[in-house]
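# Summary of the model geometry
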2 protein chains.
Amino acid sequence: MNERQRARRPGGRSARVAAEVHQAVTDLISERGYGNFTVGDVAARAGVADSSIYRRWGNLETLLSDVALTRLNAQSPMPDTGTLAGDLRTYAAQVACEITGPDGLLLVRLAVALSTNGQQGLQARDELRDERTRQLQSMLDRARERGEQAPDALGVLDHILAPMYIRVLFGIGPLTPDYVDGLVDRLL
Amino acid sequence: MNERQRARRPGGRSARVAAEVHQAVTDLISERGYGNFTVGDVAARAGVADSSIYRRWGNLETLLSDVALTRLNAQSPMPDTGTLAGDLRTYAAQVACEITGPDGLLLVRLAVALSTNGQQGLQARDELRDERTRQLQSMLDRARERGEQAPDALGVLDHILAPMYIRVLFGIGPLTPDYVDGLVDRLL
C-alpha cells in the first residue's frame, strides 16, 4: 500500500483529519463568519499542518464548498419515495426545515462569500452548484424512467428552491407545509 | 422657520449632507464590504459629525437600508405602462439588468448582512422589504382598478424576482429577455 492509498483509507487517519478540519471550519464560520478566517486558522483549530489542508483541498474556497456540500448531503439527501411528487415534496420539506433553522442562511452566505472572492471562489461555488444539480437531476431522471413527466432541474431551482430561500432571506415566513407543497404542486 | 424645517428643506444643506453620506456608504461598501465599517467611518468619509448621522438615521442598519432603497428606486422604479403585463415585463427586465451588473448582488449581500446583525438589522431589513412591497402592491392595485386579474405581491417575489436572484447568486446565466419574459408570462 503506497502513501496515497494509506491516506485515503476510509475510516482511517485521513477520515479523522477530514472530520476535524470540517468541524474547525464549521466553528470558525459560526464564530467569525465567512471571509474572516484563513487556511492557517482552520489548521490551527483542527490541530493539523496547513500543508495537509492545501494538499487535500487546494484552497480555502474548495474546503468551504466541501463542508457545505457534506452538510447539505447529510441534512437534505435526495429522497427516493417511488413517485416524483413524493420525492419533490419530501425534498422541499427538508430544505424548508433546514433553511428556517438557526444556520438557515449558511448556503446563501457561502454563495455570497464565494461569489465575491475571485476566480477560486467562483469555481468552488460552481462545483458545489453542479454537484447538487447532478443529484437533483438523478431524482428527475428516475421519474422519467418510471414514465412520469418531470420538470428540469432549473425549474425546481426557480420555482421551489428560490422562493423559499428568498423568503427566508427577507424574513417572510413561516414556510408552512401548505405553502411548500403548493410550490411543488404548482410546478408539477 | 425653525431649525428642523430648515434642516429638511429640499435641496438645502440637509439634502447635500444626505447625498454625501449616501456616497460615503456606497464607497465603503465597495471598498470594505458590509460589516467592515462603522457610523464613525461613514461620518469621517462624508465630512460630517457622527451625531448628524445618528440624528437622521438612528443607526447604521437604517442608513444602509436607506441607501439601498434610494438606489433601487432610482434603478428600478415601478413602471406604469398601462397594462399589467407591460408593467411586470418592464420591471422584471430592469431588475434583471440591475442584478447582472457589477454590483448585482448588493441587495442580497445587504439582506444577509442585516439578517445576521441583531434586532436593528432585522428591523432595517423588514422596512426595506415592506417599502418595496408597498410599491409593487401599488402597481398590482392599479391593474386591478383597470379590471385586470393580478397576482399578489408575494407571487411576484416568489416566481419572478426570486428565480432571477438565485440564478445570479449561483452563477446560472445569462438572464436572457426570453427567460425573464417567460417568468412573467408563467405567473400571469
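Residues numbered from 1 in each chain as written. Chains lettered and ligands numbered in written order. Predicted model: local features only at pLDDT ≥ 70, side-chain atom pairs only at ≥ 80, totals over all residues. Heavy atoms only, no water.

Attention now moves to the UniProt feature "DNA-binding region" (unreviewed entry) in chain A. With numbering matched to this structure, UniProt assigns "DNA-binding region" (unreviewed entry) to residues 38-57 of chain A. As annotated, residues 38-57 of chain A has a helix share of 80% and a strand share of 0%, and its two end C-alpha atoms lie 13 Å apart. (UniProt positions renumbered as here; feature names shortened; annotations may be inferred. Helix = DSSP H or I, 4+ residues; strand = E, 2+ residues; numbered from the N terminus.)

Attention now goes to the packing of aromatic side chains. A full pass over the atoms with the stated rule returns zero aromatic pairs over all chains. Directly above the ring of Trp57(A) sits Arg56(A), whose terminal nitrogen or CZ lies 5.2 Å from the centroid. (Phe/Tyr/Trp six-rings, centres within 6.5 Å; stacked < 30°, edge-to-face > 60°. Lys NZ or Arg CZ within 6 Å of the ring centre and 35° of its normal.)

On to the packing of helix α2 (residues 13-32) of chain B against helix α3 (residues 39-46) of chain B, then. The relative placement of two packed helices is expressed as an angle between their axes plus a distance between the axes. All names here are of chain B. Taken N-terminus to C-terminus, the directions of α2 and α3 make an angle of 120 degrees; their axes are 8 Å apart at the nearest point. The orientation of α2 with respect to α3, classified from their angle, is oblique. Both α2 and α3 take part in a crossing whose hand is right-handed. On the side of α2, the interface is formed by Glu 20, Val 21, Ala 24, Val 25, Asp 27, Leu 28, Glu 31 and Arg 32, while α3 contributes Asp 41, Val 42, Arg 45 and Ala 46. (Axes fitted to C-alpha atoms, helices over the stretch in contact; angles between N-to-C directions. Parallel < 35°, antiparallel > 145°, perpendicular 65-115°, else oblique. Left-handed = near helix turned anticlockwise from the far one by under 90°. Contact = heavy atoms within 4.5 Å.)

This part is about the UniProt feature "domain: HTH tetR-type" (unreviewed entry) in chain A. The UniProt record annotates "domain: HTH tetR-type" (unreviewed entry) at residues 15-75 of chain A. Structurally, residues 15-75 of chain A comprises 82% helix and 0% strand, and the distance from its first C-alpha atom to its last is 20 Å.

Turning chain A through 180 degrees and shifting it by 0.0 Å along the axis lays it on chain B, with an RMSD of 0.0 Å. The operation mapping one copy onto its partner corresponds to a two-fold rotation axis. Judged by C-alpha distance, Ala162(A) is the residue of chain A that lies nearest the rotation axis, at 2.6 Å. When you check the interface residues of chain A against chain B, 100% turn up at the interface there too, and the contact is symmetric in its surfaces. (Least-squares fit on C-alpha atoms with pLDDT ≥ 70 in both.)

This part takes up the domain arrangement of chain A. All names here are of chain A. Entries for chain A in the domain assignment read domain 1 (1-58) and domain 2 (60-188). On a C-alpha basis, the centres of domain 1 and domain 2 stand 26 Å from each other. Residue-level contacts link 13 residues of domain 1 with 11 residues of domain 2. With both sides pooled, the region where domain 1 packs onto domain 2 buries about 1100 Å², and carbon together with sulfur makes up 75% of that total. Considering only the side of domain 1, the residues that lose the most area to domain 2 are His 22, Tyr 34 and Trp 57, jointly responsible for 55% of the buried surface there. Counting across the domain 1 and domain 2 interface gives zero salt bridges. Seen at the junction of domain 1 and domain 2, the total is two residue pairs in polar contact (both at pLDDT 80 or more). (Domains from an automatic or database assignment. Buried area = accessible area lost by both parts, 1.4 Å probe. Salt bridge = Lys/Arg side-chain N within 4 Å of Asp/Glu carboxyl O. Polar contact = N/O pair within 3.5 Å; in protein donor to acceptor, adjacent residues only side chain to side chain.)

All right, on to the packing of helix α2 (residues 13-32) of chain A against helix α4 (residues 50-57) of chain A then. All names here are of chain A. Where α2 contacts α4, the axes come no closer than 12 Å and their chain directions differ by 100 degrees. The orientation of α2 with respect to α4, classified from their angle, is roughly perpendicular. Every residue of α4 that contacts α2 at Ser 14, Ala 18, Val 21 and His 22 is listed here: Ile 53, Arg 56 and Trp 57. For the contact of α2 with α4, the class distribution of residues is four nonpolar, two polar and one charged. (Nonpolar A, V, L, I, M, F, W, Y, C, P; charged D, E, K, R; others polar.)

Counting residues in each nonpolar core, the largest one holds 130 residues, and the members touching the most others are Val42(A), Met164(A), Val42(B) and Met164(B). Setting aside anything within four residues of it in sequence, one finds Met164(A) in contact with Ala92(A), Val95(A), Ala96(A), Ile99(A), Leu175(A), Tyr179(A), Val180(A) and Leu183(A). (Core = buried A, V, L, I, M, F, W, Y, C linked by side-chain atoms within 4.5 Å. Buried < 20%, exposed > 50% of the residue type's maximum accessible area, 1.4 Å probe, protein only.)

Here the focus is the pattern of salt bridges. If you walk through the whole model with that rule in mind, you get 28 salt bridges over all chains. For Asp80(A), the salt bridge goes to Arg142(A), with nearest N and O atoms at 3.3 Å. In this pair, Asp80(A) is assigned in the loop between α5 (60-75) and α6 (84-99) and Arg142(A) in helix α8 (residues 118-145), connecting sequence segments 62 residues apart. Asp80(A) gets classed as exposed once you look at its relative accessible area, which sits at 54%. Two residues, Arg134(B) and Glu131(B), come together in a salt bridge whose shortest N-O distance is 2.9 Å. Taken together, the residues Arg134(B) and Glu131(B), both in helix α8 (residues 118-145) and three residues apart, mark about one turn of the helix. Connected via shared salt-bridge partners are Arg125(A), Asp126(A), Arg129(A) and Asp130(A).

Below, the discussion takes up the interface of chain A and chain B. With 29 residues of chain A in contact, the opposing surface of chain B contributes 29 residues. The largest per-residue losses of area from chain A upon contact with chain B belong to Ile166(A), Phe170(A) and Arg186(A), which jointly make up 22% of the total buried on that side. Taken together, the links from chain A to chain B amount to two salt bridges. Notably, a salt bridge pairs Arg167(B) with Asp158(A), separated by 2.9 Å at the nearest N-O pair. For the pair chain A and chain B, the interface holds 15 residue pairs in polar contact (both at pLDDT 80 or more). Going through the elements one at a time, α7 (106-115), α8, α9 (153-169) and α10 (177-187) of chain A are the ones with two or more residues in the side of chain A that touches chain B. The residue makeup of the side of chain A that touches chain B, split by class, is 18 nonpolar, four polar and seven charged.

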